[in-house]
Amino acid sequence: MNKASRLFWPVLITPKNAVVKQTEQLSRSQKLLMELGLIKSGSNGTYQIMPIAQRVVDKCISLVQRNMQEAGGQKISLPVLTPAQLWKKTGRLEGDISEFYMVRDRSGKQFLMSPTHEEAVTAMLATAAPISYRQLPLRLYQIGPKFRDELKSRFGLMRAKEFLMKDMYTFDVSKEAAECTYATVSDAYERFFRQLEVPFVKVEAATGIMGGSLSHEYHYISPVGEDTLLNCSACGYAGNAEVLGSDAETASTCPSCQSTQLSRVRGVEVAHTFLLGDKYSKPLGATFLNKSGKPETLQMGCYGVGITRVIAAALEVLSTEQELRWPKLLAPYDVCLIGPKQGSKEQAPVERLENELLQQLTQICGAEQLLHDERKELTIGKRLLDAKRLGHPLTIVVGAKAAQQEAPQLELHASGAEKMELSAAEVLRVVATHVQHKQQLLQQQQMPSHEQDTSESQAVGHVH
Ligand code: ATP
Ligand code: MG
């Protein structure tokens, strides 16, 4: 079980009369995560993830992983360093390279600290023994740091210079097969975003420097979003203004049906998918042997989810100015239990109940998902304030009313809801329901596409 007294949780304390020089615009998630000691700034644009937030990152990784495995993914790890030579071959060192971190080894050989891994993974396949059509499709993914010297790194984890990405690269025998893979991985992405229960929008996107023929982005709607999304309520068209060219920001008619029922929202891009064709496989010579034993160029796709950005953007959408609110599957703990204060009247009579509850809660949600705030030197009020700011889905207080002879009552604070006074049995039932809800989310299957428009995702629109 997790004990609050042992938790490393370096809360940011600003002395009352300190003059705070605000050099950087802060977003809600960044402010709360930093103030509460969940992340710390390493240097401009890099972040240190502290234990509570690391739990969230690990949960997000395991959820993404689950969905990638369901889409036929196999996990690999590629080095952070990619030889610059490979990027020369694909022509990606020719444009603006100011975002890339380039380093040299002792012999002068140049490398990129990879901002993405298309070249590295394609070159890996090109040098593997000839791949047979029988081995395809191949869907390889990894989860690791990416490095981009962003011009405007800001909003904490949302736009960092080093961030965590899940990137999948797929290889198929033909364009048609690659399109099937694209549909399968897109289904996995939609399932992942539904499991997080944060409203998302899937839009048609620009292919940009990544290249390829088809691309979609997944966005969370937020005023701190840096993209403009267009949505047509007449035909359901949704697109990133970027894809529509320079006058899209001001356009008044839908690019698909020309209706004027067009609205605009700000979006944070949380994931991106691309159908790449042979843009990387051709210059890097990644082929497979077809049925007649002849080499043919592999057809590729690439698919990225910004793990750390998803977490920050979800918090941005769900949280209040004062309190974090988590997607249920990502919350650091399911339940926080606060017991009586040291030396209080109720301490002796309710401690037994507190211990019993701990045991029962362990049975229901598992010791790992339970946080016991046993800092008994602190008042219940102080600990409850911490619990609320941290946004635990359920906080249980064993206080004075638990000492009542008849019908002892506990306080239950569900994240974002009014306090409830309940018996121990009732509290345990609420916890069991919460755990059950999480299980249901995990078991969620891909919905048939015709049901998606009415799904809870409240997607502003889908591309047809
Ligand atoms: P943006 O337009 O926001 O700079 P991008 O289009 O350059 O993002 P991709 O190359 O598509 O990003 O990367 C895949 C995913 O990685 C993005 O959808 C996003 O979730 C995440 N990501 C990209 N850049 C950052 C960053 N600087 N910090 C955190 N996450 C990022
Ligand atoms: Mg993108």
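Residues numbered from 1 in each chain as written. Chains lettered and ligands numbered in written order. Predicted model: local features only at pLDDT ≥ 70, side-chain atom pairs only at ≥ 80, totals over all residues. Heavy atoms only, no water.

(A) Summary view of the overall build of the chain. When helices and strands are counted, the chain shows 10 helices and 23 strands. Taking 464 residues into account, the globule formula puts the C-alpha radius of gyration at 23 Å, and the chain, at 25 Å, falls close to it. Dimensions of the chain, computed from C-alpha atoms along their principal axes, come out at roughly 80 × 55 × 50 Å. Intrachain contacts of the chain at a sequence separation of at least 6 include 70% that bridge at least 24 residues. For the chain, the exposed surface amounts to about 21700 Å²; the carbon and sulfur share of it is 51%. Within the chain, the 51 negative side-chain charges are centred at a point lying 4 Å from the centre of the 52 positive side-chain charges. (Helix = DSSP H or I, 4+ residues; strand = E, 2+ residues; numbered from the N terminus. Rg over C-alpha atoms; globule rule 2.2 N^0.38 Å. Contact = heavy atoms within 4.5 Å. Areas by Shrake-Rupley, 256 points an atom, 1.4 Å probe, with all protein chains shown as cover. Lys, Arg positive; Asp, Glu negative; His and termini not counted. Charge placed at Lys NZ, Arg CZ, Asp CG, Glu CD.)

(B) Inspection of the sheet that holds strand β17 (residues 295-297) at higher detail. The strand order β8-β16-β17 describes an open sheet built from 3 strands, whose pairing is mixed. Only two strands of the sheet have a single neighbouring strand rather than two, namely β8 (131-132) and β17. Judged from the 2 bridges that link them, β8 and strand β16 (residues 287-289) form a sheet pairing that is parallel. Residue I131 lies in a different strand from β16, and its bridge partner there is F288. (Pairing = 2+ DSSP bridges.)

(C) Focus on the packing of aromatic side chains. Enumeration according to the criterion identifies 8 aromatic pairs in this entry. Plain terms: the ring middles of F193 and Y220 are 6.0 Å apart, the flat faces sit at 80 degrees to each other, and that makes the pair edge-to-face. Here F193 is found in helix α5 (residues 175-196), whereas its partner Y220 is found in strand β12 (residues 214-221), with 27 residues between them in sequence. Look at F200 and Y218: their rings are 6.5 Å apart centre to centre, the planes differ by 40 degrees, and that puts the pair in the tilted class. (Phe/Tyr/Trp six-rings, centres within 6.5 Å; stacked < 30°, edge-to-face > 60°.)

(D) Up close: the coordination of the magnesium ion (ligand 2). Only E269 (OE) and H272 (ND1) from the protein coordinate the magnesium ion (ligand 2), and they sit 2.1 to 2.3 Å from it. When its relative accessible area of 23% is taken as the criterion, E269 is described as partly exposed. (Donors = N, O, S within 2.8 Å, 3.2 Å for Na, K, Ca; no water. Buried < 20%, exposed > 50% of the residue type's maximum accessible area, 1.4 Å probe, protein only.)

(E) View of the side chain of T395. For T395, the position within the fold is in strand β21 (residues 394-397). Owing to a relative accessible area of 3%, T395 belongs among the buried residues under this scheme. Leave out the neighbours within four places in its chain, and T395 touches C336, I338, L384, A387, E411, L412 and H413.

(F) View of the pairing of strand β18 (residues 299-306). Taking burial as the measure, the 8 residues of β18 include 8 buried ones, the bulk of the element. Residue alternation in β18 divides its side chains into two sets, Q299, G301, Y303 and V305 and M300, C302, G304 and G306, and both sets are buried. Two strands pair when backbone bridges link them, and strand β10 (residues 162-172) and β18 are joined in this way by 8 bridges, in the antiparallel orientation. Considered in β18, the bridge of D172 is made with Q299. Relative to β18, strand β15 (residues 262-277) runs antiparallel, the two being bridged by 6 bridges. In the strand pairing of β18, A271 is matched with V305.

(G) Seen up close, the packing of helix α8 (residues 347-365) against helix α10 (residues 424-443). Where α8 contacts α10, the two axes come as close as 10 Å, and the packing angle between them is 25 degrees. Between α8 and α10, the angle is such that the two are roughly parallel. Considering only the axes of α8 and α10, their crossing is right-handed. Between α8 and α10, the residues in contact are L353, L357, Q360, L361, I364 and C365 and A424, L428, V431, A432 and V435, respectively. Grouping the constituent residues of the contact of α8 with α10 by class yields 10 nonpolar, 1 polar and no charged. (Axes fitted to C-alpha atoms, helices over the stretch in contact; angles between N-to-C directions. Parallel < 35°, antiparallel > 145°, perpendicular 65-115°, else oblique. Left-handed = near helix turned anticlockwise from the far one by under 90°. Nonpolar A, V, L, I, M, F, W, Y, C, P; charged D, E, K, R; others polar.)

(H) Structural context of the site of ligand 1. By nearness alone, 15 residues border ligand 1, and E150, R159, A160, E269 and R309 come closest of all. V270 is positioned such that a nitrogen or oxygen atom in its backbone is 2.9 Å from an oxygen atom of ligand 1. In the environment of ligand 1, an oxygen atom lies 2.9 Å from a nitrogen or oxygen atom belonging to the side chain of R309. Contributing elements (two or more residues each) for the shell around ligand 1: β10 and β15. Broken down by element, the residue count for the shell around ligand 1 peaks at 4 residues, all from β15. Among the residues making up the shell around ligand 1, the classes are represented as 8 nonpolar, 2 polar and 5 charged. (Near = heavy atom within 4 Å. Polar contact = N/O pair within 3.5 Å; in protein donor to acceptor, adjacent residues only side chain to side chain.)

(I) Representation of the side chain of T181 within the structure. Along the chain, T181 falls in helix α5. Classification of T181 by relative accessible area gives buried; the value is 0%. Within polar-contact distance, the side chain of T181 engages the side chain of R139 at 2.8 Å. Excluding residues within four positions of it along the chain, T181 makes contact with P137, R139, T170, D172 and Y303.

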